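Breakdown of the fold
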Amino acid sequence: MSVDTNQPTTAEATPKALRESVPVWLVILFFVLLYCAMVYFDQHGGWFNERVYSPYTRIEDLEKWQPPKGGDDLYALGKLVYNKPTCVTCHQNDGNGTPGQFPPLAGSDWVSEAEPGRLIRIVLNGLQGSITVNGKSYNGTMVPWKDQLSDKEVAAVLTYVRGNKDWGNKFPPVKPEQVAAVRAKVKDRAPAFTPDELMKLSPSE
Amino acid sequence: MNYGPLIFLAAFFALSSSWFGLVLGPQLQVGRLQQTTTIPDGATYPLARPGLAHQGLDVYRANGCASCHTEQVRQTRTVCDIVLAEAGTNQTKMIAALQSARPGLSEADATRLLASLPKPVLEGVTREVGDHAYNVLGAAGAKVEMWIIPVGPDIARGWGKRRSVAEDFLYDYPVMPGSVRLGPDLANVGVRLADPNWQLIHLYAPRLEVKNSPMPPYRYLFEKRRIERMPSPDALKHPELNVEPGFEIVPKPEAKALVAYLGSLRAGEPIYETPLTVPATPAPGTNAPAAASAAATNTAPTNVPAK
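Residues numbered from 1 in each chain as written. Chains lettered and ligands numbered in written order. Predicted model: local features only at pLDDT ≥ 70, side-chain atom pairs only at ≥ 80, totals over all residues. Heavy atoms only, no water.

**Some remarks on the pairing of strand 7 (residues 247-251) of chain B**
All names here are of chain B.
- Strand 7 sits mainly inside the fold: four of its five residues count as buried.
- Bridge count for strand 6 (residues 222-226) against strand 7 is five bridges, and the pairing is antiparallel. Bridge pairing in strand 7 links F222 to P251. (Buried < 20%, exposed > 50% of the residue type's maximum accessible area, 1.4 Å probe, protein only. Helix = DSSP H or I, 4+ residues; strand = E, 2+ residues; numbered from the N terminus. Pairing = 2+ DSSP bridges.)

**Description of helix 4 (residues 107-115) of chain B**
All names here are of chain B.
- Those residues of helix 4 not exposed but buried are A110, L113 and L114. The arc that holds the buried residues of helix 4, viewed along the axis, is 95 degrees, so those residues lie on one side. Opposite its buried face, helix 4 presents the exposed residues R112 and A115, each directed more than 90 degrees away.
- Contacts from the buried residues of helix 4 go to strand 3 (77-86), helix 3 (91-101) and strand 4 (119-125). (Arc of directions from axis to C-beta. Contact = heavy atoms within 4.5 Å.)

**What about the sheet that holds strand 3 of chain B?**
Residues and elements named next belong to chain B.
- Reading across from one edge, 4-3-5 is the order of the three strands in this open sheet, with antiparallel pairing throughout. Unpaired on one side and paired on the other, strand 4 and strand 5 (143-151) mark the two borders of the sheet. Taking each pair of neighbouring strands and ignoring which way they run, the sheet shows an average axis angle of 15 degrees.
- Pairing of strand 3 with strand 4, which is carried by four bridges, proceeds in the antiparallel orientation. Bridging across to strand 4, C80 finds its partner in V125.
- Strand contacts of helix 5 (residues 127-139): strand 3, strand 4 and strand 5, with the helix running at about 165 degrees to strand 5, the strand carrying the most contacts. (Axes fitted to C-alpha atoms, helices over the stretch in contact; angles between N-to-C directions.)

**A closer look at the nonpolar core**
- Among the nonpolar cores identified, the biggest contains 32 residues, and A:Y82, A:I120, A:V154, A:L158, A:V161 and A:W167 are the most heavily contacted of them.
- Residue assignment for this core shows that the elements contributing at least two residues are helix 3 (73-82), helix 5 (117-125), strand 2 (131-133), helix 6 (151-163) and helix 7 (176-185) of chain A.
- The element that contributes the greatest number of residues to this core is helix 6 of chain A, accounting for six residues.
- Membership of the second largest hydrophobic core comes to 30 residues, among which are B:A66, B:V189, B:F222 and B:Y261. (Core = buried A, V, L, I, M, F, W, Y, C linked by side-chain atoms within 4.5 Å.)

**What about the interface of chain B and chain A?**
- Each partner contributes residues to the interface: chain B has 26 residues there, and chain A has 20 residues.
- Summing both sides of the interface, chain B and chain A together bury roughly 2200 Å²; the carbon and sulfur share of this comes to 56%.
- The tally of links between chain B and chain A comes to two salt bridges.
- Here A:R51 and B:E273 are joined by a salt bridge, their closest N and O atoms 3.5 Å apart.
- Across the chain B-chain A interface, the total number found is nine residue pairs in polar contact (both at pLDDT 80 or more).
- Secondary structure elements with two or more residues in the side of chain B that touches chain A: helix 1 (4-30), strand 3, helix 5 and strand 5 of chain B. (Buried area = accessible area lost by both parts, 1.4 Å probe. Salt bridge = Lys/Arg side-chain N within 4 Å of Asp/Glu carboxyl O. Polar contact = N/O pair within 3.5 Å; in protein donor to acceptor, adjacent residues only side chain to side chain.)

**Notes on the environment of A:I131**
Residues and elements named next belong to chain A.
- Relative to the helices and strands, I131 is located in strand 2.
- Classification of I131 as buried rests on a relative accessible area of 5%.
- In this structure, the C-alpha to C-alpha distance between I131 and D196, residues 65 residues apart in sequence, is 8.4 Å.
- Excluding residues that lie within four positions of it along the chain, I131 makes contacts with P103, W110, K136, S137, Y138 and P195.

**Focus: the confidence of the model for chain A**
- For chain A, the mean per-residue pLDDT works out to 82, and 91% of the residues sit at or above 70.
- Per-element mean pLDDT across chain A ranges from 79 in helix 3 of chain A up to 92 in helix 1 (residues 24-44) of chain A. (pLDDT = per-residue confidence, 0-100.)

**With respect to the environment of B:P196**
- Take B:P196: it is sitting in helix 8 (residues 196-204).
- Judged by its relative accessible area of 42%, B:P196 is partly exposed.

Set out below in structure tokens:
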């Protein structure tokens, strides 16, 4: 039997786990790195807001860079309402409607009226029956928007339709107060208007 | 000494913290993303890819396109331009407003500027400077436009109008943003290179369309077949494409799907996360798609499909 001379034979020679304190410089380095990481995080993290991406650093920064609203708020709102989709479904993006069914809004003699009384009624209560627009006859049904759209939204969408230069419309805007006045008058009326009925009314009513 | 529980706890802590940070955190942040609307038009964004384009995503994945192409545009900052569209009626007030908007502008220069509208008043300024000019000129009765313009190396190459955000990938599974750019970025390729025939030729023989392109040809997405009675309307047509007489190259469904997918890559709509103004008419001398820098970097193809 041979003895392995490489193996330590005494208990003193066996390696032991000792405790050694961490060098001070390492601790300092660790905190310096931590500090740098936090500064970087502060500048690039967007404060955990998922809407903030670089180069924006926080939501206020992103908010600041939103395009200006422009002077005509009602018109801009009207564009949103029109494309919600509400009107756009039938009257189309270009405001030309569908021949025979949904009349055009672009260059329409109904839209161009100086007083918007009839238009507001159509939007609020809807329209039923054959209507003649620019000499052509249309026979579709328009649903009422009374319950879906507020006074401001109705005014906005009519302002958009009447003032849309892309469609060649340059007619005066509609104010929310005008819509509120008409809404009060047609409050108790449920069925849709017919074109004949509207023609009997004075447009300024 | 038994270190088992300690090792277990340390490993558990390490793995769970990375799970929290890399899986749960992002899931809580963007896991419930939904369609949003563009600013300020209010159109729905993004729209689901059409069926064929959705199949194309699988072809894109299967062919490893993402190993050489990215789909993410970077942006380093945002600037704004102030353009004077129409001057107000009061000339003196306008000149004063212009000088306030752009300090150091002489009266003669302001008059000259007013003579040829529309004209940019300020270019590449911060939002604060831009807001001041916008308000001052607006108060003087002028019609002012403010353009919000994202800036960055990728945008200068014409690869997109704005940075990519998580919203752009809403309908992609898996999301393949890529990390290596041996080829150009494809985030906006459907707008940049809209011609499907160009894309088909480019897939079949990249160097016919882009000189010295390092892209390998994907001929197995096409079929060479004998012309029976009538040539196929889908057959590739290119003056330099040499096909034996009586034969034609026809794209397989995979190639068509891939091209439909490429055509559907149209990230670039302005949304809340990445504000930007898309001018109806190109700005005079601003934000032009950098044709010069596109020519300088040989990976970027030209905007116009070569015919």
